[in-house]
Each structure stands twice: as structure tokens, then as C-alpha cells.
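Breakdown of the fold
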Amino acid sequence: MLKQVQHDVAIGVWLLGISRYLVFTVFFSDFMRIFLIGFMGCGKSTMGRTLALSLNMTFIDLDTFLEEKYFRTIPQIFAEEGEANFRLKERKVLEEVAAFDDVIVATGGGAPCFFDNVDLMNNSGLCFFLDVATSSLVSRLITAKTERPLIKGKSPEELHGFIEEMMEKRRPFYEKARYILKGIEIRADQVIELIK
Ligand code: S3P
């Protein structure tokens, strides 16, 4: 009987320890992770770099991180292995960076829309959706230098239709973000104000 009580007390103390650790980690840890999500061309990387400078955090562009890890460019991975394999790789690197401390991560436009990636981001940091109008995305993407396999060779009209169609599917994922910032003039200080 005494042994059983001692055993139960020991388990109780152990559980108490674990829960205090979890509460501390979730609410009181002083490191931070910020994830910027949104359609291609919405300005995640530019915003990420500015934020990282202002907040003295490390900026990670998830696409670049992936390219460096696999020694191939995204267009190469799409061409050689197809989109499905790219998404698996993207998930893998996302898991990796979601464990880093004090980082600002600009994700690829599709990243939140596959697997439970957006939940992973919400559970490991603060997620911001940069919600930019289709017409602004078109004008940015038309002049962009980065090669993007999903929109390669599209005319401005085709691109407009493609974005509208994709956005309808992707929006529910993007809108799972903790914060939604609308418009092309989203500024870094607005983000900083929100996380203070
Ligand atoms: C993609 C967006 C790209 C890149 C890949 C696929 C997408 O990133 O991850 O070409 O599915 O929207 P950016 O949003 O940085 O262009």
C-alpha cells in the first residue's frame, strides 16, 4: 500500500514537472520565430529582411535554405522530381527551421498549403499572412527576376487568372495565420507593433 502511494506521488511530481516545463516553454520562453506567408510576389522576403534587421533576428528564406541543402535550384527540383517531391523537401526544411530560435522565416507561397505545414508554423511561432491584391501581385511577378516554375511563360492575363484560381484554394490556409496584413503598403513597423 505504502509502495503504491509512493509510486503515485512520484508519478504526480514527475507530471507536475513536465507540465511546468511545457507552460514555461510555450508562454515564457524569450526566443521567437516569425513566419511570413502569402502568395508569390507578396513581399515576404523583403519584409523578412527588414524585420530581421530591426529586431536583430536571423532571416531565413525557406526557398534559399532548401536550395542550399539539396544543392539544386527550385526550378531544377521541379523539373527533375516534380512538384510532389519538392513539397516533401519543403516540409522537411520547414520542420528544421521551426526548431531554430530567433528567426524570421519567409516561406515559399505554397508552403502553408501542404500537409499540416501551417499548423506547424502556428504551433512553433507567430504567423503573418501578407495579403496583397491580385493586380499588385501580377505587376510584381511580371517584372521579377526569380524563376518560378508554376508561373513560367504566363502572360499578364494568364497570370491574373492563375492567381485568382490559386488564391481561392490557398486562402483558407493563409487565413489560418495569427495575423493578416492587407495591402501592398504593409510596413515592417506594423508587424513590430503587433508583436510588442
Ligand atoms: C511556390 C512559390 C515559390 C517557390 C516555388 C513554389 C508556390 O516561392 O516556393 O516556386 O507554390 O507558390 P515564393 O513565394 O517565394 O515565390
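As the structure is a prediction and not an experimental result, all values here were calculated from the model.

1. Thoughts on the overall build of the protein chain
Across its full length, the protein chain carries 8 helices and 5 strands. Along the protein chain, from the amino end to the carboxyl end, the secondary structure elements read α-β-α-β-α-α-β-α-β-α-α-β-α. Looking at the protein chain as a whole, 28% of its 196 residues qualify as buried. Taking contacts inside the protein chain between residues at least 6 apart in sequence as the whole, the part at least 24 apart equals 76%.

2. What to know about the site of the ligand
The immediate surroundings of the ligand are formed by Met40, Asp63, Ile74, Gly108, Gly109, Gly110, Arg148, Pro149 and Leu150. Of the residues assigned to the shell around the ligand, the class counts are 4 nonpolar, 3 polar and 2 charged.

3. Description of the sheet that holds strand E4 (residues 126–131)
Pairing in this open sheet of 5 strands is parallel, and the strands run E2-E3-E1-E4-E5 from one edge to the other. Looking at strand neighbours, the two that pair on one side only are strand E2 (58–61) and strand E5 (179–182), the edges of this open sheet. Strand-to-strand twist across the sheet, computed as the mean angle between neighbouring axes with direction ignored, equals 20°. With 4 bridges connecting them, E2 and strand E3 (residues 103–106) associate as parallel partners.

4. Focus: the environment of asparagine 117
Mapped onto the fold, asparagine 117 is located in helix H5 (residues 117–124). Asparagine 117 sits in the buried class, given 22 other C-beta atoms within 10 Å. Along the backbone, asparagine 117 and glutamate 90 are 27 residues apart, and their C-alpha atoms lie at a distance of 9.4 Å. In this structure asparagine 117 touches Arg91, Leu94, Ala111 and Pro112, once residues within four positions along its chain are discounted.

5. A closer look at the confidence of the model for the protein chain
When pLDDT is averaged across the protein chain, the result is 88; 84% of the residues are at 70 or more. This stretch, residues 13–28, has a pLDDT under 50; its non-local contacts, to residues over four places away or in other chains, come to 1 contact.

6. Digging into helix H7 (residues 156–174)
Structural remark: α-helix, 3.6 residues per turn; residues separated by three or four positions point the same way. Between its first and last C-alpha atoms H7 spans 24 Å; for 19 residues at 1.5 Å apiece the expected length is 27 Å, and the helix comes up short by more than 12%. The largest bend along H7 reaches roughly 45° and is located at glutamate 168, with the proline proline 172 sitting one to four residues downstream. Listing the buried residues of H7 in full gives Leu159, Ile163 and Tyr174. Packing partners of the buried residues in H7 comprise strand E1 (33–37), E4 and helix H6 (134–143).

7. Structural notes on the nonpolar core
By size, the foremost hydrophobic cluster in this structure holds 38 residues, and its most contacted members are Leu36, Ile37, Leu62, Val105, Phe128 and Leu130. Every residue in contact with valine 105, bar those within four places of it in the chain, is listed here: Arg33, Ile34, Phe35, Leu36, Ile60, Leu62 and Val97.

8. A closer look at the packing of helix H2 (residues 44–55) against helix H8 (residues 188–195)
Put simply, H2 and H8 touch, their axes get as near as 9 Å, and they point 55° apart. The angle between the axes of H2 and H8 places the two elements in the oblique class. Crossing handedness for the pair H2 and H8: right-handed. Across the interface between the two elements, Met47, Thr50, Leu51, Ser54 and Leu55 of H2 pack against Ala188, Val191 and Ile192 of H8. Its residues placed into classes, the contact of H2 with H8 shows 6 nonpolar, 2 polar and no charged.

Criteria and cut-off values
Residues numbered from 1 in each chain as written. Predicted model: local features only at pLDDT ≥ 70, side-chain atom pairs only at ≥ 80, totals over all residues. Helix = DSSP H or I, 4+ residues; strand = E, 2+ residues; numbered from the N terminus. Buried ≥ 20, exposed ≤ 12 C-beta atoms within 10 Å, placed from the backbone. Contact = placed C-beta atoms within 7 Å. Near = placed C-beta within 6 Å. Nonpolar A, V, L, I, M, F, W, Y, C, P; charged D, E, K, R; others polar. Pairing = 2+ DSSP bridges. Axes fitted to C-alpha atoms, helices over the stretch in contact; angles between N-to-C directions. pLDDT = per-residue confidence, 0-100. Expected span 1.5 Å × (residues − 1). Bend = angle between axes of the 7 residues up to and from the residue. Core = buried A, V, L, I, M, F, W, Y, C linked by C-beta atoms within 7 Å. Parallel < 35°, antiparallel > 145°, perpendicular 65-115°, else oblique. Left-handed = near helix turned anticlockwise from the far one by under 90°.

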